[in-house]
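# Notes for the structure review
What follows is the residue order along each chain.
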Amino acid sequence: MPDDCLFCRIVRGVVPATLVAKNDDCIAFRDVNPQAPTHILIVPREHISSLDAAKDPEMIGKVAFMAAELARAEGIATTGYRTVINTGADAGETVHHLHMHLLGGRVLKWPPG
């Protein structure tokens, strides 16, 4: 795990975060700059710089499955939620560690950006 990666440091417990779920493969925590009433980031424990760099499709499935579990736990699954993976600077990726945003709790507009 790179020492300079913010999400790796959160995974290691060096940087505090409001954790909402964790398992052997992923952790989930509240976004510090929420864009919706529910805004959770789901990250693999392994450092993967982006979706473009991912080599393990099973890991992507585990991240997505945790997002769905959290949507149910947060009470937003029945009304709707959005999952987003930003890849690269033009998409708004600012932390280069694969992560999925789970957003919900309000009506989300389209197109998003």
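Please refer to the structure higher up on the page.
No experiment lies behind these values; they were computed from the predicted model shown.

Basis of the calculations
Residues numbered from 1 in each chain as written. Predicted model: local features only at pLDDT ≥ 70, side-chain atom pairs only at ≥ 80, totals over all residues. Heavy atoms only, no water. Helix = DSSP H or I, 4+ residues; strand = E, 2+ residues; numbered from the N terminus. Contact = heavy atoms within 4.5 Å. Pairing = 2+ DSSP bridges. Axes fitted to C-alpha atoms, helices over the stretch in contact; angles between N-to-C directions. Disulfide = S-S within 2.5 Å. Buried < 20%, exposed > 50% of the residue type's maximum accessible area, 1.4 Å probe, protein only. Core = buried A, V, L, I, M, F, W, Y, C linked by side-chain atoms within 4.5 Å. Phe/Tyr/Trp six-rings, centres within 6.5 Å; stacked < 30°, edge-to-face > 60°.

### Considering the side chain of Asn-86
Among the secondary structure elements, Asn-86 is positioned in the loop between strand E4 (81–84) and strand E5 (100–104). The contact partners of Asn-86, leaving out residues within four places of it in the chain, are Ala-91, Gly-92, Glu-93 and His-101.

### Focus: the sheet that holds E5
The strand order across the open sheet built from five strands is E1-E2-E3-E5-E4, with neighbouring strands paired in antiparallel fashion. Bordering the open sheet on either side are strand E1 (19–22) and E4, each of which pairs with just one other strand. Strand-to-strand twist of the sheet, defined as the mean angle between neighbouring strand axes without regard to direction, takes the value 20°. Sheet topology places E4 next to E5; four bridges connect them, and they run antiparallel. In the sheet register, Val-84 faces E5, and the bridge partner there is His-101.

### Looking at the state of the cysteines
Scanning the model with the defined rule gives zero disulfides in all. Here Cys-5 stays free of any disulfide, with the sulfur of Cys-8 as its closest cysteine sulfur at 3.6 Å. Residue classification places Cys-5 among the buried residues on the basis of a relative accessible area of 8%.

### A word on the nonpolar core
Note on soluble globular proteins: their nonpolar side chains tend to be buried together. One finds Ile-42, Leu-70 and Leu-102 to be the most contacted residues of the largest nonpolar core, which totals 15 residues. Of all the elements in the fold, those that place two or more residues in this core are strand E2 (26–30), strand E3 (38–44), helix H2 (57–73) and E5. When residues in this core are grouped by element, the largest group, six residues, is from H2. For Leu-70, the contacting residues outside a window of four places in its chain are Val-20, Ala-21, Ala-28, Ile-40, Ile-42 and Leu-102. Cys-5, Ile-27, Phe-29 and Val-43 belong to the second largest nonpolar core, which has eleven residues in total.

### Points about the packing of aromatic side chains
Taken as a whole and assessed by the stated rule, the structure comprises one aromatic pair. Look at Phe-7 and Phe-29: their rings are 5.5 Å apart centre to centre, the planes differ by 70°, and that puts the pair in the edge-to-face class. With Phe-7 in helix H1 (residues 6–12) and Phe-29 in strand E2, the pair connects residues that are 22 residues apart, well separated along the chain. As far as the burial class goes, Phe-7 and Phe-29 line up, both buried.

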